[in-house]
Amino acid sequence: MPTHLSEKNIKAFHAHLYFKDEAGTEIAKQVAQQAAELFEIKVGRFHQKPVGPHPLWSCQLSFAVETFSKIVPWLMFHRQSLDVFLHPLTGDDYVDHTQGISWLGHSHPLNLAQFTPK
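Below you will find a few notes about this structure. (Residues numbered from 1 in each chain as written. Predicted model: local features only at pLDDT ≥ 70, side-chain atom pairs only at ≥ 80, totals over all residues. Heavy atoms only, no water.)

1. As for helix α1 (residues 22–38)
Part 1 of the argument: If you check α1, its first and last C-alpha atoms are 25 Å apart, about what 17 residues at 1.5 Å a residue would give, namely 24 Å.
Part 2 of the argument: Among the residues of α1, G24, T25, I27, A28, V31, A32 and A35 are the ones counted as buried. For α1, the arc enclosing every buried residue in end-on projection is 160°, short of the 170-degree limit, so these residues lie on one face.
Part 3 of the argument: The secondary structure elements touched by the buried residues of α1 are β1 (12–19), β2 (41–47), β3 (57–64) and α2 (68–78).
Part 4 of the argument: Near the N-terminus of α1, the side chain that reaches the backbone nitrogen of A23, with its oxygen 3.2 Å away, is that of D21. (Helix = DSSP H or I, 4+ residues; strand = E, 2+ residues; numbered from the N terminus. Expected span 1.5 Å × (residues − 1). Buried < 20%, exposed > 50% of the residue type's maximum accessible area, 1.4 Å probe, protein only. Arc of directions from axis to C-beta. Contact = heavy atoms within 4.5 Å. Polar contact = N/O pair within 3.5 Å; in protein donor to acceptor, adjacent residues only side chain to side chain.)

2. Some remarks on the sheet that holds strand β4 (residues 83–89)
Part 1 of the argument: Reading across the sheet, the five strands line up as β2-β3-β1-β4-β5 and stay open at both edges, with antiparallel pairing between neighbours. Since the sheet does not close on itself, it has two edges, and those belong to β2 and β5 (102–104), each with one partner. Mean inter-strand twist for the sheet, computed between neighbouring axes without regard to direction, equals 20°.
Part 2 of the argument: Of the pairings in the sheet, the one linking β1 to β4 comprises seven bridges and is antiparallel in character. What sits directly across from A12, in β4, is L89.
Part 3 of the argument: Contacts between α1 and the sheet are confined to β1, β2 and β3, with β2 contributing the most and set at about 170° to the helix. (Pairing = 2+ DSSP bridges. Axes fitted to C-alpha atoms, helices over the stretch in contact; angles between N-to-C directions.)

3. Quick look at the nonpolar core
Part 1 of the argument: With 23 residues, the main nonpolar core has L17, L61, I71 and L75 as its most contacted residues.
Part 2 of the argument: Per-element accounting of this core gives the leading share, five residues, to α1.
Part 3 of the argument: Among all residues touching L17, those that are not within four sequence positions of it are A28, V31, A32, W57, S58, C59, L61, L75, L82, D83 and V84. (Core = buried A, V, L, I, M, F, W, Y, C linked by side-chain atoms within 4.5 Å.)

Geometric values such as these leave the question of function open.
Here you go:
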């Protein structure tokens with residue numbers, strides 16, 4: 001990890017709900033709605049195609065550092081069949097998508113071509 005980054009640089013987190021089809025989209029909408037009712041999060045668009053580095057259809061949940069310890073355990077048990085990609089937001093997209101990542105469920109290779117290591 002670059003020496004200029006540490007956990008003190010984390011401004012927020014993203015959890016990306018991954019799904020593959022219309023049925024998965026409906027599950028993701030249910031999970032996102034439940035999470036939004038329970039936590040202070042921002043629910044992004046439901047992409048029905050790979051977008052950016054994400055290899056599957058996805059929806060982004062954005063949340064504060066203080067929310068991490070509440071929403072991640074909840075996602076562990078309420079994500080249903082979805083895979084979830086978690087990463088910090090430090091201002092360094094390459095590091096954010098390679099170093100501090102976590103997966104709930106199965107992991108998937110990301111397309112990192114758009115990010116340049118600093």
